[in-house]
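# Structural overview for review
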Amino acid sequence: MSRPSMFLSRRAVLGSFLATVGGLPIDATASPEIQLPFRSNPRQRALTTAFPGKGSMILQRARPPLLETPLEVFDHSVLTPNDRFFVRWHWAVIPTEIDAAAFRLRVHGLVERALSLSLDEIARLPQVEIVAVNQCSGNSRGLFEPRVPGAQWAHGSMGNARWTGVRLKDILDRAGVRAGAAQVRFDGLDEPVVPGAPDFRKSLDIDHARTDEIMVAYAMNGDQLPLLNGFPLRLVVPGWYSTYWVKMLSDIEVLDQADEQFWMKTAYRVPDTLGGSVRPGETGYPTVPISRMVPRAFLTNVAPGDTVEAGSPLALRGIAFGGDCGVKAVTLSGDGGRTWLPARLGTDEGRYSFRRFEVVLPMPAVGELSLMVRCTNAQGVVQPLEPTWNPNGFMRGEVETLSVTAT
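Residues numbered from 1 in each chain as written. Predicted model: local features only at pLDDT ≥ 70, side-chain atom pairs only at ≥ 80, totals over all residues. Heavy atoms only, no water.

Moving on to the overall build of the protein. Helix and strand content of the protein: 5 helices and 26 strands. C-alpha extents for the protein along the principal axes are approximately 70 × 50 × 40 Å. Sorting the 407 residues of the protein into buried and exposed places 55% on the buried side. Partitioning the intrachain contacts of the protein with sequence separation of at least 6 by distance along the chain shows that 71% fall at a separation of at least 24. Accessible surface, the protein as shown: approximately 17,000 Å² in total, 50% of it carbon and sulfur. Between the centroid of the 42 positive side chains of the protein and the centroid of its 42 negative side chains there is a distance of 1 Å. (Helix = DSSP H or I, 4+ residues; strand = E, 2+ residues; numbered from the N terminus. Buried < 20%, exposed > 50% of the residue type's maximum accessible area, 1.4 Å probe, protein only. Contact = heavy atoms within 4.5 Å. Areas by Shrake-Rupley, 256 points an atom, 1.4 Å probe, with all protein chains shown as cover. Lys, Arg positive; Asp, Glu negative; His and termini not counted. Charge placed at Lys NZ, Arg CZ, Asp CG, Glu CD.)

Another point: the nonpolar core. Inside soluble globular proteins, nonpolar side chains tend to come together where they are buried. In this structure, Trp163 and Ile252 are the most contacted members of the largest nonpolar core, which totals 87 residues. It is strand β12 (residues 215-220) that provides the largest number of residues to this core, a total of 6 residues. One finds Ala297, Leu314, Ala320 and Val359 within the second-largest nonpolar core, a separate group that totals 22 residues. (Core = buried A, V, L, I, M, F, W, Y, C linked by side-chain atoms within 4.5 Å.)

Let us now look at the packing of aromatic side chains. Inspection of every chain in the model, using the stated rule, returns 12 aromatic pairs. Both rings, one in phenylalanine 86 and one in tryptophan 153, keep their centres 6.4 Å apart while their planes meet at 90°; by these two values the pair is edge-to-face. Taken as a pair, phenylalanine 86 in the loop between β4 (66-68) and β5 (87-88) and tryptophan 153 in the loop between β8 (127-135) and β9 (158-167) lie far apart in primary sequence, 67 residues in all. Summarising the aromatic geometry, the rings of phenylalanine 262 and tryptophan 263 are spaced 5.0 Å apart at their centres and angled 85° between planes, so their arrangement reads as edge-to-face. An aromatic cluster is built from Trp91, Phe200, Phe262, Trp263, Tyr268 and Phe394, whose rings are joined through pairwise contacts. It is arginine 374 that lies over the ring of tryptophan 340; its NZ or CZ is 5.7 Å from the centre. (Phe/Tyr/Trp six-rings, centres within 6.5 Å; stacked < 30°, edge-to-face > 60°. Lys NZ or Arg CZ within 6 Å of the ring centre and 35° of its normal.)

Here the focus is helix α3 (residues 168-175). All buried positions along α3 are accounted for by Leu168, Asp170, Ile171, Leu172 and Ala175. A positive backbone phi angle near 80° is found at glycine 176, which sits one or two residues after α3.

On to the side chain of threonine 80. The topology assignment puts threonine 80 in the loop between β4 and β5. Residues in contact with threonine 80, not counting those within four places in the same chain, are Val73, Phe74, Phe85, Gly159, Asn160, Asn221 and Phe354.

Let us now look at the pattern of salt bridges. With the rule as written, the count across this model stands at 18 salt bridges. The salt bridge partner of aspartate 212 is arginine 167, with a shortest N-O separation of 3.9 Å. Of the two residues, aspartate 212 sits in the loop between α4 (206-209) and β12 while arginine 167 sits in strand β9, which places them 45 residues apart along the sequence. Given a relative accessible area of 41%, aspartate 212 falls into the partly exposed group. Note that glutamate 282 and arginine 279 form a salt bridge whose closest N and O atoms lie 4.0 Å from each other. (Salt bridge = Lys/Arg side-chain N within 4 Å of Asp/Glu carboxyl O.)

So, on to the environment of glutamine 152. Within the secondary structure, glutamine 152 sits in the loop between β8 and β9. The exposure class of glutamine 152 is buried, given its relative accessible area of 13%. Taking the C-alpha atoms as reference points, glutamine 152 and aspartate 324, 172 residues apart in sequence, are found 24 Å from one another. Within polar-contact distance, the side chain of glutamine 152 engages the backbone oxygen of valine 148 at 2.9 Å. (Polar contact = N/O pair within 3.5 Å; in protein donor to acceptor, adjacent residues only side chain to side chain.)

The next thing to look at is the sheet that holds strand β20 (residues 314-321). Here we have 4 strands laid out as an open sheet, ordered β18-β20-β24-β23, and antiparallel in their pairing. Where the open sheet ends on each side, the last strands, each with one partner, are β18 (296-299) and β23 (344-345). Two strands pair when backbone bridges link them, and β18 and β20 are joined in this way by 4 bridges, in the antiparallel orientation. By the bridge assignment, arginine 296 is partnered in β20 with phenylalanine 321. (Pairing = 2+ DSSP bridges.)

On the secondary structure map, lysine 54 appears in the loop between β2 (44-48) and β3 (57-61). The buried charged residue lysine 54 lacks any salt bridge partner; its closest oppositely charged side chain belongs to aspartate 83, at an N-O distance of 7.1 Å. For lysine 54, the side chain forms a polar contact with the main-chain oxygen of asparagine 82, separated by 2.7 Å. Discounting chain neighbours no more than four positions away, the residues touching lysine 54 are Thr49, Leu67, Asn82, Asp83, Phe85, Val87, Leu228 and Asn229.

To continue, consider the environment of leucine 316. Tracing the backbone through its elements, the reader meets leucine 316 in strand β20. With relative accessibility at 2%, the residue leucine 316 sits in the buried group. Taking the C-alpha atoms as reference points, leucine 316 and alanine 343, separated by 27 residues in sequence, lie 9.2 Å from one another. Residues in contact with leucine 316, not counting those within four places in the same chain, are Leu299, Asn301, Val302, Leu332, Phe357, Glu358, Val359, Leu361 and Leu371.

Turning next to the confidence of the model for the protein. Counting all residues, the mean pLDDT for the protein is 93, and 92% of those residues have values of 70 or more. Here helix α1 (residues 10-17) is the element of the protein with the lowest mean pLDDT, 38, and strand β14 (residues 234-236) is the one with the highest, 99. In this model, residues 1-23 is a region of pLDDT below 50 whose contacts with residues beyond four sequence positions or in other chains number 50 contacts. (pLDDT = per-residue confidence, 0-100.)

Between arginine 63 and proline 64 the backbone carries a cis peptide bond, its omega angle lying at -10°. Relative to the helices and strands, proline 64 resides in the loop between β3 and β4. Residues glutamate 145 and proline 146 are joined by a peptide bond in cis, for which omega reads -5°. Residue position: proline 146 is located in the loop between β8 and β9.

Using the criterion set out here, one finds 0 disulfides in the structure. Residue cysteine 136 stays outside any disulfide, its sulfur separated by 20 Å from that of cysteine 375, the closest cysteine. Unpaired in this structure, cysteine 375 has its nearest cysteine sulfur neighbour in cysteine 325, at a distance of 8.2 Å. A residue is classified by how much of its surface remains accessible, and cysteine 375, at 0% relative accessible area, is buried. (Disulfide = S-S within 2.5 Å.)

Okay, structure coming up:
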């Protein structure tokens, strides 16, 4: 992560912060529907434009907002536009207007100096930038077989953005972390809907929190954070699932022991196995908090059920990401995995970014084509052909198969 060559000026940042953000809809009206590539019903979802700052999104849930990015959006740019970037909240009590002048980021716990930082003070810290994928832990959950409970996402609960902000390390250094610190816990402005429900908070080990890559972002893709994506501040944890990317970040607490609250000890845990996978019905396995993402790849210029021209070269393209590191290679099969072709990789925007790829499938014969695309990351980890499964529907990472018909 380095200081950007073209970054928002402090005046531009503060000017955008001073604008208030409109309210969220209570009844999000939806119009046309989209069919998602699930193996069983319900497959239909509504498309909506009713949420502030958002274009056409797949409506998974209105309260709290769960909005999915249509896969076709990823075909247009390696960066996901802010108005099409997926949305996922845990609790429905979300501020609909934030007084930026009065906002303060609290830093406390095992520190030398408790802080209450204004947005102006945060903007005075050294500015940094990184391009990174933000992906929900349950992305593609709707494709698990047998199906599991939870939001039935297709492949669009992810996005890639250029994040601008300050290093978390610089904020912690300003507070002065004391000896004996074990973890850092993060809280946002959203609140539980009923008394006694667990406030959504997440924690990172102190050594991880103090790396240069962890940042407190105030902008994405050169503009202020949209309200639904965390305005005015959000945590950015490159290479890790978005459960740690706390939105509307308002509280940072340095802990002297491991965080034992619900969202770390009970929720967002995966089997402590290769790929976080177990057999359906299996019990008695140990679990660990979900953390690093796994490599994935998707075709973006064709959709399931499309018709293509037989006997002519078929140009295919898509996006891949290495999970917690960069992309080394992408390969494509047009025959269900019997043979593989290398893809040409596009510009490298950084180790945590989407990487575009292109490949030409020569002269497909008449009939059904079983297209598969596979990513190998910079550490040599290859997407498995075998299905991933766990009871929470987390960490899907298998090679996806897409069927089209050549005529």
